[in-house]
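One-letter residues, chain by chain:
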Amino acid sequence: MAKVIKLAQRTSSLSIPVTQPYLPSSDKYMHYVSKAFDNKWITNGGPLHKELTDRLKEYLGVKYLLLVNNGTAALQLAYHIKNLKNKTVATTPFTFPATLTAMAWANATVHLCDIRSDNWNLSANSVNESLKLEKIDAVVPVNIFGMSCELKEFDRIGKKYNIPIIYDSAQALLSKYEGKSIFEYGDIHCVSFHATKLFHTVEGGALIFKNKQDLERAERLINFGIQEQGEVHDPGINAKMSELHAAMGLCILDDLPMLIENRQASVEHYQKLLSDSVAFQTSHYDCDVPPMYMPVKFETEQQLLDAEQLLKINGYMARRYFYPDNHKFIDSKLVRRLTVNNSVTNKILCLPLMHNLTQNHIQRICKLVQKAL
Ligand SMILES: *Cc1c(COP(=O)(O)O)cnc(C)c1O
């Protein structure tokens, strides 16, 4: 008989992760899942998939939205649709690796530009400098930590050079720019519904398009490229979202206002307690940032390391997003000097943020951060 290996016991009595997926009540999940059972329809664009698509379109105020199986697949599809193969793409070094690994999979050349020191996003200035020096075929800005980047500037660049602007908006589902949805800008936005995101479907994501033709092509591509009569002229892949994943999304969408309110209160509490101790992400334009992460910037990397260590000893898992730097392992064409990136991103630490974090924990975390300074 096979031996059952015991799982390791948790050592620390208290361990607060940097984030934790939100789970709806299992009754509620079963309410939606039982519909899939009754319909005997569990994937390939069923009624729950349609309900989630319609509700998200209304909630976000967008016209052309396509659900997919994860945010990375959304990026791959966007890069494929905009023909980035063998093209040079300007993007940011300060992002989750998927932005760039999906680019490598699309056989595009990654051209890293510098970021801004205030919002830590791809700098439109830096991209403009690159455009003067060489041919750039597309720009992929990332709305990092939900803070919108210089959307207007990038739209201007797209028009002037006639190149696509594809956003990795994986962390920015509900972000606004000057009071408007970020989805009013650019050609394609890719969002992620991974379990750790504010809104999730366990695994999942979506593409939001400016053009109907792009949506229609993507609809075929996520289903192997099969067309109405069953023929394939444009080879696709399988990137469909199942009914069971859509069911989770419907549950979370119901609870989202509560989740946002709760996490927004935590963010404001952190900001109040830490305003004299660390720096926050800021912008020179008006933007709404959904409460998804709690990034803070220290004055020195040593302070960050001390704070991280002190928090860990006390059972709080802060995390360096995104460390190590992507450009250390992604094969990229480094033309511009990443002066700002190199001086800013090694000082950024994300503090714990999740729906059920108590005020007491936030107070303790802030005290520990201040003790490390
Ligand atoms: C989460 C995330 C992704 C990847 O999304 P998945 O759904 O996990 O594949 C890509 N880019 C950024 C910026 C992310 O935060």
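See above for the structure.
Residues numbered from 1 in each chain as written. Predicted model: local features only at pLDDT ≥ 70, side-chain atom pairs only at ≥ 80, totals over all residues. Heavy atoms only, no water.

1. Structural notes on the packing of helix H8 (residues 243-274) against helix H11 (residues 359-371)
When two helices pack together, their arrangement is given by the angle between the helix axes and by the axis-to-axis distance.
Right, on to step 1. Contact geometry of H8 with H11 gives a least axis separation of 10 Å together with a crossing angle of 30°. Here H8 lies roughly parallel to H11, going by the angle between them. Read as a crossing pair, H8 and H11 show a hand that is right-handed. Only Gln359, Ile362, Gln363, Ile365, Cys366, Val369 and Gln370 of H11 make contact with H8, whose side of the interface consists of Ser266, His269, Tyr270, Leu273 and Leu274.
Right, on to step 2. Tallied by class, the residues present in the contact of H8 with H11 amount to 7 nonpolar, 5 polar and no charged. (Axes fitted to C-alpha atoms, helices over the stretch in contact; angles between N-to-C directions. Helix = DSSP H or I, 4+ residues; strand = E, 2+ residues; numbered from the N terminus. Parallel < 35°, antiparallel > 145°, perpendicular 65-115°, else oblique. Left-handed = near helix turned anticlockwise from the far one by under 90°. Contact = heavy atoms within 4.5 Å. Nonpolar A, V, L, I, M, F, W, Y, C, P; charged D, E, K, R; others polar.)

2. Quick notes on the sheet that holds strand S6 (residues 176-177)
Right, on to step 1. As summarised here, the arrangement of the 3 strands in space is S7-S6-S10, forming an open sheet in which the pairing is antiparallel. At either end of the open sheet lies a strand with only one pairing partner, and these are strand S7 (180-181) and strand S10 (287-288).
Right, on to step 2. Direction of pairing for S6 relative to S7: antiparallel, over a ladder of 2 bridges. Bridge pairing in S7 places Lys176 opposite Ser181. (Pairing = 2+ DSSP bridges.)

3. Quick word on helix H1 (residues 26-39)
Right, on to step 1. The terminal C-alpha atoms of H1 lie 20 Å apart, and with 14 residues this matches the ideal 20 Å at 1.5 Å per residue to within 8%.
Right, on to step 2. Tyr32, Val33 and Ala36 are the residues of H1 that are buried.
Right, on to step 3. Where H1 is buried, its residues meet helix H2 (47-60) and H8.
Right, on to step 4. Two residues or fewer after H1 comes Lys40, characterised by a positive phi angle close to 50°. (Expected span 1.5 Å × (residues − 1). Buried < 20%, exposed > 50% of the residue type's maximum accessible area, 1.4 Å probe, protein only.)

4. Here we look at the sheet that holds strand S2 (residues 88-91)
Right, on to step 1. Taken together, 4 strands build an open sheet; the order of strands is S4-S2-S3-S12 and the sheet is parallel. With partners counted over all chains shown, the strands left at the sheet margins are strand S4 (138-140) and strand S12 (332-333), one partner each.
Right, on to step 2. Pairing of strand S3 (residues 109-112) with S12, which is carried by 2 bridges, proceeds in the parallel orientation. Paired with His111 across the strands is Lys333, a residue of S12.

5. Regarding the nonpolar core
Right, on to step 1. One finds Leu52, Val127, Phe145, Phe154, Phe193 and Phe199 to be the most contacted residues of the largest nonpolar core, which totals 65 residues.
Right, on to step 2. For this core, the elements supplying multiple residues, two or more each, are H1, H2, strand S1 (64-68), helix H5 (124-133), helix H6 (151-161), strand S9 (205-209), H8 and strand S13 (348-351).
Right, on to step 3. Sort the elements by how many residues they give to this core and H8 lands first, with 9 residues.
Right, on to step 4. Once residues lying within four places of it in the same chain are set aside, the contact partners of Phe193 are Leu56, Leu67, Leu173, Phe199, His200, Thr201, Val202, Glu203, Gly204, Gly205, Ala206 and Met241. (Core = buried A, V, L, I, M, F, W, Y, C linked by side-chain atoms within 4.5 Å.)

6. What to know about the site of the ligand
Right, on to step 1. For the ligand, the set of nearby residues contains 14 residues, the closest of which are Gly71, Thr72, Asp168, Ser192 and Lys197.
Right, on to step 2. Residue Asp168 places a side-chain N or O atom 2.8 Å away from a nitrogen atom belonging to the ligand.
Right, on to step 3. In the model, an oxygen atom of the ligand is placed 3.0 Å from a nitrogen or oxygen of the Lys197 side chain.
Right, on to step 4. If the ligand stood free it would expose 380 Å²; the protein chains cover 93% of that surface.
Right, on to step 5. For the shell around the ligand, the class distribution of residues is 3 nonpolar, 9 polar and 2 charged. (Near = heavy atom within 4 Å. Polar contact = N/O pair within 3.5 Å; in protein donor to acceptor, adjacent residues only side chain to side chain. Areas by Shrake-Rupley, 256 points an atom, 1.4 Å probe, with all protein chains shown as cover.)

7. Overview of the packing of aromatic side chains
Right, on to step 1. Per the stated rule, a full pass over the model turns up 11 aromatic pairs.
Right, on to step 2. Judged by centre distance (5.5 Å) and plane angle (55°), the rings of Phe145 and Tyr293 are tilted. Taken together, the residues span a long stretch of sequence, with Phe145 in the loop between S4 and H6 and Tyr293 in the loop between S10 and strand S11 (294-297) at a distance of 148 residues.
Right, on to step 3. Judged by centre distance (6.4 Å) and plane angle (70°), the ring pair of Phe145 and Tyr321 falls under edge-to-face. Taken together, the positions of Phe145 in the loop between S4 and H6 and Tyr321 in the loop between helix H9 (301-313) and S12 put the pair 176 residues apart, joining distant regions of the chain.
Right, on to step 4. In this structure an aromatic cluster arises from ring pairing among Phe94, Trp120, Phe145, Tyr293, Tyr321 and Phe322.
Right, on to step 5. The ring of Phe96 is capped by Lys197, whose NZ or CZ atom sits 5.8 Å from the centre of that ring. (Phe/Tyr/Trp six-rings, centres within 6.5 Å; stacked < 30°, edge-to-face > 60°. Lys NZ or Arg CZ within 6 Å of the ring centre and 35° of its normal.)

8. So, the side chain of Asp114
Right, on to step 1. Relative to the elements of secondary structure, Asp114 occurs in the loop between S3 and H5.
Right, on to step 2. Sequence-distant contacts of Asp114, defined by excluding residues within four places in its chain, comprise Leu122, Ser123, Ser126, Arg337, Leu338, Thr339, Val340 and Asn341.

9. With respect to the packing of H1 against H8
Right, on to step 1. At a minimum axis distance of 9 Å, the contact between H1 and H8 shows a crossing angle of 140°. When the axes of H1 and H8 are compared, the pair comes out oblique. Where H1 crosses over H8, the two elements pack in a sense that is right-handed. Residue-level inspection shows Lys28, Tyr29, Tyr32, Val33 and Ala36 of H1 in contact with H8, the latter providing Glu243, Leu244, Ala247, Met248, Leu250, Cys251, Asp254 and Asp255.
Right, on to step 2. Its residues assigned to classes, the contact of H1 with H8 shows 9 nonpolar, no polar and 4 charged.

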